[in-house]
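What the coordinates show
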Amino acid sequence: MKHLLDRLAAAWDRRDMRLKAISFALVGVVNTLIDLGAFLAFYHWVGLPLVVCNVLAWAIAVSFSYAMNSFTTFGPESGHQLRLRDYLTFVASGIAGVIAATSTLLLLSLYLPVLSAKLVSILVSFVVNFSLSHFVVFRRGRDGGIAG
């Protein structure tokens, strides 16, 4: 765990990490609109429960996010290619993000309007998803390719 924390601290000091975070955030803006639109459609028009709405919206948005991040944010690491194995790893790592987001949504919806709770949950998932994408899904292996 200490090794991972040391790697996180060193990476935040490097310029390439900041640029990746900005790119990830820009992709995330569009991804957030997809997530939010799908969530609101499922919640208001279909009338599904909060957890179901959040998970379905995430499932739609995660595919877009994987494709865009493979070509932009982590393009050099992915070789600008889509791969089933990388997609499945991205989805698996995203489960931590959707758990964090859904937990935040449920907790905050007790105290805030649902839309406000959803927006905060999106910020929480950004931190979790970027960290896992950078350090797990798209990290370079010793041979220059994606590790995994």
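All residue numbers refer to positions counted from 1 along the written sequence of the respective chain. Owing to the predicted nature of the model, reporting of local features is limited to residues with pLDDT of at least 70; listing and counting of side-chain atom pairs is limited to 80 or more, with chain, interface and lining totals taken over all residues. By convention in this description, side-chain values take in all heavy atoms of the structure and omit both hydrogens and water.

**Focus on the packing of aromatic side chains**
- In this analysis, rings of Phe, Tyr and Trp, with Trp reduced to its six-membered ring, are considered paired at centre separations within 6.5 Å, and the interplanar angle assigns stacked below 30 degrees, edge-to-face beyond 60, and tilted for intermediate values. Evaluation of the coordinates by the stated rule reveals eight aromatic pairs.
- Connected via pairs of aromatic rings, a cluster forms that spans Phe24, Phe74, Phe126 and Phe130.
- Here the guanidinium or amino end of Lys118 rests over the ring plane of Phe39, the centre of that ring lying 5.0 Å away. Here, over-ring charges are defined by two tests on the NZ atom of lysine or the CZ atom of arginine: distance to the ring centre within 6 Å, and angle to the ring normal within 35 degrees.

**Let's talk about the confidence of the model for the protein**
- Confidence scores per residue from the predictor, reported as pLDDT, run from 0 to 100. Taken over all residues, the pLDDT of the protein has a mean of 83, while the share at 70 or more is 84%.
- When mean pLDDT is compared element by element in the protein, helix 3 (residues 50–71) scores highest at 90, while helix 1 (residues 2–13) scores lowest at 61. A run of H or I in DSSP counts as a helix once it spans at least four residues, and a run of E counts as a strand once it spans at least two, with each numbered from the N terminus.

**Notes on the packing of helix 5 (residues 84–108) against helix 6 (residues 114–137)**
- Between N-to-C directions, angles cover 0 to 180 degrees, with each direction set by a line fitted to C-alpha atoms, over the stretch in contact for helices. It is at 8 Å that the axes of helix 5 and helix 6 come closest, and there the two elements cross at 150 degrees. Between helix 5 and helix 6, the crossing angle belongs to the class labelled roughly antiparallel. Crossing handedness for the pair helix 5 and helix 6: right-handed. The segment helix 5 lies against helix 6, with Asp86, Thr89, Phe90, Ser93, Gly94, Ala96, Gly97, Ala100, Ala101, Thr104, Leu105 and Leu108 engaging Val114, Ala117, Lys118, Val120, Ser121, Val124, Ser125, Val128, Asn129, Leu132, Ser133 and Val137.
- Residues of the contact of helix 5 with helix 6, tallied by class, amount to 13 nonpolar, nine polar and two charged. Here the word oblique covers every angle except those under 35 degrees (roughly parallel), over 145 (roughly antiparallel) and from 65 to 115 (roughly perpendicular). Crossing handedness: left-handed means the near helix sits turned counterclockwise from the far one by under a right angle, and right-handed means the same turn made clockwise. Between two residues, a contact is recorded if the distance between any of their heavy atoms is within 4.5 Å. Amino acid classes used here: Ala, Val, Leu, Ile, Met, Phe, Trp, Tyr, Cys and Pro are nonpolar; Asp, Glu, Lys and Arg are charged; the rest, including Gly, are polar.

**Let's talk about the side chain of Lys20**
- Note that Lys20 resides in helix 2 (residues 15–46).
- Each residue gets one of three labels from its accessible area relative to the maximum for its type: buried under 20%, exposed over 50%, partly exposed in between, using a 1.4 Å probe on protein chains only. The exposure class of Lys20 is buried, given its relative accessible area of 13%.
- In contact with Lys20, not counting residues within four places along its chain, are Thr73, Phe74, Glu77, Phe130 and His134.

**Structural notes on unusual backbone geometry**
- Even without being a glycine, His80 presents a positive backbone phi close to 55 degrees.
- Judged by its relative accessible area of 43%, His80 is partly exposed.

**Points about helix 5**
- An expected span of 1.5 Å times one less than the residue number is assigned to each helix. Taking 1.5 Å of rise per residue, the 25 residues of helix 5 would be expected to cover 36 Å, and the 35 Å separating its terminal C-alpha atoms lies within 8% of that figure.
- The largest bend along helix 5 reaches roughly 25 degrees and is located at Gly94.
- Asp86, Phe90, Val91, Ser93, Gly94, Gly97, Val98, Ala100, Ala101, Thr102, Thr104 and Leu105 are the residues of helix 5 that are buried. A residue's bend is the angle separating two fitted axes: one through the seven residues that end there, the other through the seven that start there.

**Here we look at a nonpolar patch on the surface**
- Surface patches are defined over residues having more than 30% relative accessible area and no salt bridge, joining like charges when they lie within 9 Å and nonpolar side chains (Val, Leu, Ile, Met, Phe, Trp, Tyr) when within 5 Å. Working definition of accessibility: Shrake-Rupley area with a 1.4 Å probe, residue cover restricted to the visible protein chains. Salt bridges, as used here, are contacts in which a Lys or Arg side-chain nitrogen is within 4 Å of a carboxyl oxygen on Asp or Glu. A cluster of nonpolar side chains, Leu107, Leu110, Tyr111, Leu112 and Val120, forms an exposed patch at the surface whose accessible area comes to about 530 Å².
- Assignment of secondary structure puts Leu110 in the loop between helix 5 and helix 6.

**Points about the environment of Phe24**
- By secondary structure assignment, the location of Phe24 is in helix 2.
- Between the C-alpha atoms of Phe24 and Met68, which are 44 residues apart in sequence, the distance is 9.1 Å.
- For Phe24, the residues in contact, after removing those within four places along its chain, are Asn69, Thr73, Phe74, Phe126, Asn129, Phe130 and Ser133.

**Some thoughts on the nonpolar core**
- In this structure, Trp58, Val62, Phe74, Phe90, Phe130 and Phe138 are the most contacted members of the largest nonpolar core, which totals 14 residues.
- Breaking this core down by element, the ones donating at least two residues are helix 2, helix 3, helix 5 and helix 6.
- In this structure Phe74 touches Lys20, Phe24, Asn69, Phe130, Ser133, His134 and Phe138, once residues within four positions along its chain are discounted.
- Counting seven residues, the second largest nonpolar core, distinct from the first, contains Ala38, Phe39, Leu50 and Ala57. Side-chain atoms within 4.5 Å link the members of a nonpolar core, which is a set of buried Ala, Val, Leu, Ile, Met, Phe, Trp, Tyr and Cys residues.

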